[in-house]
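Observations on chain architecture
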Amino acid sequence: MRVLNQLIGIIEAELKVLLRESGVFIFVLFFPFMFSLLTYGAGQALTGGEAPLTQWFYQLIGFTIMTIALTMSSSSAWYFRRGMMTGRLEYILAAPISPLTAVLSSAVTNIVLNIAIFVVVASIGVVTVYGLSNLLNVIGVILFLALALLPAVGFNLLVGIATVVFREPEPVSNVINAIVSSVSGFTYPIIMLPSFLQALGQAMPYSYIVNGARDILAGSFEYVQLSPHLFLLAYLLLGLIFFRIGEVNYVRKSGVHW
Amino acid sequence: MKAIACEGLRKHYRVKVRRGFFNHEYSVIKALDDVSLEVERGVIFSLVGPNGAGKTTMVKVLSTLLIPDAGRAEVGGYDVVRQANRVREIIGLVLAPDKGFYARLTGLENLIYYGRLYGLSKEESTRRAKELLDLTGLGEDGMRLFEEYSLGMRAKLSIAKALINKPEIVFLDEPTIGLDPLSARRIRQLIKDLAAKGMTVFMTSHNMWEVENLSNTVTVIKSGRIVAVGSPSELKERLKLSYRIEVEIIADKAPDMNQPVSIGERGYPVVTMTTNKPSEDLVRVIDEIRGMGYLIGMVRVQEPSLEEVLTQVLSR
Amino acid sequence: MLGRAAFIGRALAEVEKGLTIYARYKVWLFSDLISWPFWTIFFFLSFLMYSPSLLGSQYHLNAFTWCFFTFILVSSFMWSSNFLATSAQEGILEYVLMTGSSIRQHMLGRSIISFLDLAVGGPLLLLISAAGFGTNLHVAYPYLMPIAILLASAFFYFFSSILAVLLVSLRSPWIIINVAQFVIPFTSGAIPVEVLPPEIQAGIIYSPFFYVIHPLVASATGNYFIPPEIVLSVAGGLCILVYFLSRFLEDVLLRSALKRGKFTLF
């Protein structure tokens, strides 16, 4: 009960902060449209006006999931960074609350808001490309993302630990963002990549998330596609374990002034 | 010519007041409301008042960082709005003492940087920076990165920065906040020395003891309005604040007197009184005690503090 | 009043500060070196996904390499706009303005980092393109390329100081910068003009950014859409214009910021 109360308290505070930074939402909503239209325009130019609309949709969904991935991994890094800058992290760690509760509630806030954004973008994309008939599929994606983003939370806990180890949150998240973006098949099929990068992409959760979301929206999803996600939950487990180890080894040893 | 003169200064802010997740409303804060004041050259002038009274706004307006809505102000004879660059050349400034420096530069490098922006050559700036590091007590800590500094070290560096251009007038917004007693004493001495050399010091502080000991003139500001001006002793006199007098009588038991008598810490009777005429009343009590044939063990006269002045002025 | 010597002294102080800070953020430099190859792959394939066969066209690979070189240049300078808001939040801007220094001079320290980003990131991109995608790098007008880079750098230096002043009072200036860093180059000549549809080709010349961006790509591909002497002259004129505009806007907007007391943003 006490943990739940703490969890809700942090989620409420985080939500207020995020909702008051409306610019971030406009960006997250606007970015996938902007970038996918930009590449679609270039694609039209490169193909002499023969680029199909489904390819725009492919990239729109890809850019949206990518924006979510980047926001989530950056938010873990920023959770520590801002916490360190404002002294909030020290207060949280000094309070009778598990740091894990604090980080997880921050992640839950991000998931909820990102799914809401995804619904808006995906609805526009689905109606434009497939018509109103596929709009109900958006509900399926909400359920899918609620499960599929859990490994991403674990992945981001690992990112959070990396920021603690290297003491510089932004460069660490920048490197991870670059790798995640290029190998996860957000905006192009990963078969276009060299084989070792394909393997790297398949080892991370995002390629499964983006392909699953696209297939559900297009109406071609099969339940067998859910099986990798069950294995990917190992990321959540790994994230939780490493976070605990990291917290014990780094935060307690060197304090939070790292 | 006055070091600082301002007349009818006004600055109002419109602030958003949040209510829950989505609702908000606006309210107006009168940071400065028709403020007029004058500061003589070479004095230490203190502006005191509660949080949000308008002290920092006043410092910002006078240091050209904020344009007032109405009124005019001159610093060193230059208009703070129309001749802002002239004003900037002759003043030094400490705002938030923990901010204003590059985290990944050392204290010395930060000072040299600012010195060069003020137009000093690199050599001159380096020499001056080292001099100021010694003067403020930072010394060898000047070679450490700013991000490693404690709050006290940051405050010292801020003061050093304010002096890098050898200003005529310095504005110090809470200069000793976060400093340990020895460092604070060093900074206070530095402020006194600066004033003795003819520099005008305009400071704000919540430490009333410090203000009382340093200032030639104290101005009390409340909700953007000046509510009292004068030297610390003038303010006490004007408010007719009472002195507390204690006279210890060497006697086995309390004599019968016109004043209340109680038993003091050393076990002797002590006459205690509060008065606005301390000299006259003290002589009268001593005469009365001696007239009764008793010896006097100890006399203590307690002056009213500036804190009492502030409390009285602000509670009106 | 301070003279020319002080002006140069301030500029040198800003440059020296920029270089010192850059040297102290080694982890950042290291992270950039790791990230850039991955971002290069991402951008290349995001565009070429529409026509994978172009991965075999040396002309297109070369053109797209210079397209992304242009992006790095524009992006580096655009991000320096964010620096002013950070400087304001850290209380540095107020102290700097107190010295009588200008925003353009203050930006110089950050712009040096932009130059270094380009100096390191540009060749790295060319290397990745050649080694990773087998691009046969080619510069059709080698004598025009340095002029194009210099003009574009000068233009975006002044432009970023304008943007910085416009964004200084915003809570999240990075959002606008993030969008602008893509929109400006990719809609104004970074994508080789010759591959664009005729309607877009007709409209693109009305973008002022086109005249500073197009020469960077066209000097490599050899396909100047407008004669180089005209494009580069217009680019030179635009640099002067944007310089005066930055001075004017700095005065106007600084005064407005001083009135609102918005340096610290919140």
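The helix and strand tally for chain C stands at 10 helices and 0 strands. Traced from its N-terminal end to its C-terminal end, chain C shows the element sequence α-α-α-α-α-α-α-α-α-α. A globule of 266 residues ought to have a C-alpha radius of gyration of about 18 Å, and chain C, at 19 Å, matches this closely. Referenced to the eigenvectors of the C-alpha coordinate spread, the extents of chain C come out at roughly 60 × 40 × 35 Å. Per-residue burial for chain C yields a buried fraction of 49% across its 266 residues. If you take every contact in chain C between residues at least 6 apart in sequence, the share linking residues at least 24 apart comes to 83%.

Attention now goes to the nonpolar core. Within the largest apolar cluster, 223 residues are counted, with the highest numbers of intra-cluster contacts made by Ile 65 and Ala 213 of chain A, Leu 62, Val 170 and Val 201 of chain B together with Phe 155 and Ala 235 of chain C. Ranked by residues supplied to this core, first place goes to helix α3 (residues 58–89) of chain C with 17 residues. Here this core gathers at least three residues from each of two domains, domain 1 (4–230) and domain 2 (243–314) of chain B. The residues touching Phe 155 of chain C, leaving out its near neighbours within four places in the chain, are Val 212, Ala 235, Leu 238, Cys 239 and Val 242 of chain C.

Our next topic: the interface of chain C and chain A. On the side of chain A, 31 residues touch chain C, which itself brings 29 residues to the contact. Going through the elements one at a time, α2 (26–48) and α7 (173–187) of chain C are the ones with two or more residues in the side of chain C that touches chain A. The element best represented in the side of chain C that touches chain A is α2 of chain C, accounting for 12 residues. Of the residues that constitute the side of chain C that touches chain A, the class distribution is 22 nonpolar, 6 polar and 1 charged.

This part takes up the pairing of strand β3 (residues 44–48) of chain B. Residues and elements named next belong to chain B. Counting buried residues in β3 gives 5 out of 5 residues, a clear majority hidden from the surface. Neither face of β3 is open: one carries Ile 44, Ser 46 and Val 48, the other Phe 45 and Leu 47, and all of them are buried. Pairing geometry for β3 and strand β8 (residues 200–204), over 4 bridges, is parallel. Residue pairing in the sheet places Ser 46 in a bridge with Met 203 of β8.

Bringing unusual backbone geometry into the picture now. Trans peptide bonds make up the majority, and among non-glycine residues the majority have a negative phi. Residues and elements named next belong to chain B. The phi dihedral of Asp 34 falls on the positive side, at around 60°, and the residue is not glycine. Looking at where Asp 34 falls in the secondary structure, it is placed in strand β2 (residues 23–39). Positive phi, normally seen in glycine, also occurs at Glu 174, with a value near 55°. Along the polypeptide, Glu 174 turns up in the loop between β7 (169–173) and α6 (181–196).

A separate point is helix α5 (residues 103–133) of chain C. Spacing of three or four residues puts side chains on the same side of an α-helix, whose turn is 3.6 residues. Residues and elements named next belong to chain C. The end-to-end C-alpha distance of α5, which contains 31 residues, comes to 41 Å, matching closely the 45 Å that a straight helix rising 1.5 Å per residue would cover. Its maximal kink placed at Gly 109, α5 deviates by approximately 40°. A positive backbone phi angle near 70° is found at Gly 134, which sits one or two residues after α5.

Moving on to the sheet that holds strand β5 (residues 78–79) of chain B. Across a sheet, strands are paired by hydrogen bonds formed along the backbone, either parallel or antiparallel in direction. Residues and elements named next belong to chain B. In space, the 4 strands of this open sheet follow the order β2-β1-β4-β5, with antiparallel pairing throughout. Sheet topology places β2 and β5 at the edges, where each strand pairs with a single neighbour. Packed on one face of the sheet, helix α1 (residues 55–62) meets β1 (4–19), β2 and β4 (70–75) and runs near 60° to β2.

Residues and elements named next belong to chain B. Taken in spatial order, the 4 strands line up as β12-β13-β11-β14 in an open sheet, and their pairing is antiparallel. Whereas interior strands pair on both sides, the edge strands pair on one side only; in this sheet they are β12 (261–263) and β14 (295–302). Within the sheet, the average angular offset between the axes of one strand and its neighbour, ignoring direction, is 25°. In this structure, β12 lies alongside strand β13 (residues 269–275), joined through 3 bridges in antiparallel fashion.

A few words on the environment of Ile 149 of chain C. All names here are of chain C. Inspection of the secondary structure assignment puts Ile 149 in helix α6 (residues 144–167). Residue Ile 149 is classed as partly exposed on the basis of its C-beta count, with 18 C-beta atoms lying within 10 Å. Through-space distance from the C-alpha of Ile 149 to that of Thr 70 is 8.9 Å; in sequence the pair is 79 residues apart.

Now for the packing of α6 of chain C against helix α9 (residues 210–221) of chain C. Residues and elements named next belong to chain C. At a closest axis distance of 9 Å, the pairing of α6 and α9 adopts a crossing angle of 160°. By the criterion of interaxial angle, the relationship of α6 to α9 is roughly antiparallel. Both α6 and α9 take part in a crossing whose hand is left-handed. On α9, the residues that touch Leu 144, Met 145, Ala 148, Ile 149, Leu 151, Ala 152 and Phe 155 of α6 are Val 212, Ile 213, Pro 215, Leu 216, Ser 219 and Ala 220. Residues that form the contact of α6 with α9 fall into these classes: 12 nonpolar, 1 polar and no charged.

All right, on to the confidence of the model for chain C then. Of the residues in chain C, 95% reach a pLDDT of 70 or more, and the chain-wide mean stands at 85. As scored by the predictor, the complex reaches a pTM of 0.76 and an ipTM of 0.82.

Residue and element names in this part refer to chain B. The buried count for β7 comes to 5 of 5 residues, which makes it a mostly enclosed element. Pairing between strand β6 (residues 91–94) and β7: 4 bridges, direction parallel. For Ile 91, the partnering residue across the bridge sits in β7 and is Ile 169. Since β7 and β8 lie parallel, the crossover through α6 that links them has a hand, and here it is right-handed.

It is worth spelling out the environment of Met 257 of chain B at this point. Residues and elements named next belong to chain B. Topologically, Met 257 is positioned in the loop between β11 (243–250) and β12. For the pair formed by Met 257 and Glu 288, sequence separation is 31 residues and the distance between their alpha carbons is 8.2 Å. The residues touching Met 257, leaving out its near neighbours within four places in the chain, are Val 271 and Glu 288.

The next point concerns the confidence of the model for chain A. Chain-level pLDDT for chain A is 79 on average; 80% of the residues reach the 70-or-more range. Ranking the elements of chain A by mean pLDDT puts helix α4 (residues 88–94) of chain A last, at 65, and helix α9 (residues 206–218) of chain A first, at 89.

Turning next to the packing of α2 of chain C against α5 of chain C. Residue and element names in this part refer to chain C. Interaxial distance between α2 and α5 falls to 10 Å at its minimum, and their mutual angle equals 55°. Comparing their axes, α5 and α2 come out oblique. Between α2 and α5 the crossing geometry is right-handed. Along the contact surface, α2 presents Asp 32, Leu 33, Trp 36, Pro 37, Thr 40 and Phe 44, while α5 presents Gly 121, Leu 124, Leu 125, Ile 128, Ser 129 and Phe 133. Considered class by class, the residues forming the contact of α2 with α5 number 8 nonpolar, 3 polar and 1 charged.

All names here are of chain C. By the secondary structure assignment, Gln 201 is in helix α8 (residues 198–204). Judged by local crowding, Gln 201 falls into the partly exposed class, with 14 C-beta atoms found within 10 Å. Taking the C-alpha atoms as reference points, Gln 201 and Phe 225, separated by 24 residues in sequence, lie 8.9 Å from one another. Non-local contacts of Gln 201, meaning those with residues more than four positions away in its chain, are made with Val 193 and Leu 196.

Turning next to α7 of chain C. Residue and element names in this part refer to chain C. For α7, built from 15 residues, the straight-helix expectation of 21 Å at 1.5 Å per residue is met to within 8% by its first-to-last C-alpha distance of 21 Å. The largest bend in α7 is about 25°, located at Ala 180. Buried within α7 are the following residues: Pro 173, Ile 175, Ile 177, Ile 184, Pro 185 and Phe 186. After α7 finishes, the residue Gly 189 shows a positive phi value of roughly 115°.

Rules used in this analysis
Residues numbered from 1 in each chain as written. Chains lettered and ligands numbered in written order. Predicted model: local features only at pLDDT ≥ 70, side-chain atom pairs only at ≥ 80, totals over all residues. Helix = DSSP H or I, 4+ residues; strand = E, 2+ residues; numbered from the N terminus. Rg over C-alpha atoms; globule rule 2.2 N^0.38 Å. Buried ≥ 20, exposed ≤ 12 C-beta atoms within 10 Å, placed from the backbone. Contact = placed C-beta atoms within 7 Å. Core = buried A, V, L, I, M, F, W, Y, C linked by C-beta atoms within 7 Å. Domains from an automatic or database assignment. Nonpolar A, V, L, I, M, F, W, Y, C, P; charged D, E, K, R; others polar. Pairing = 2+ DSSP bridges. Expected span 1.5 Å × (residues − 1). Bend = angle between axes of the 7 residues up to and from the residue. Axes fitted to C-alpha atoms, helices over the stretch in contact; angles between N-to-C directions. Parallel < 35°, antiparallel > 145°, perpendicular 65-115°, else oblique. Left-handed = near helix turned anticlockwise from the far one by under 90°. pLDDT = per-residue confidence, 0-100. Right-handed = clockwise from strand over helix to strand, strands pointing away.

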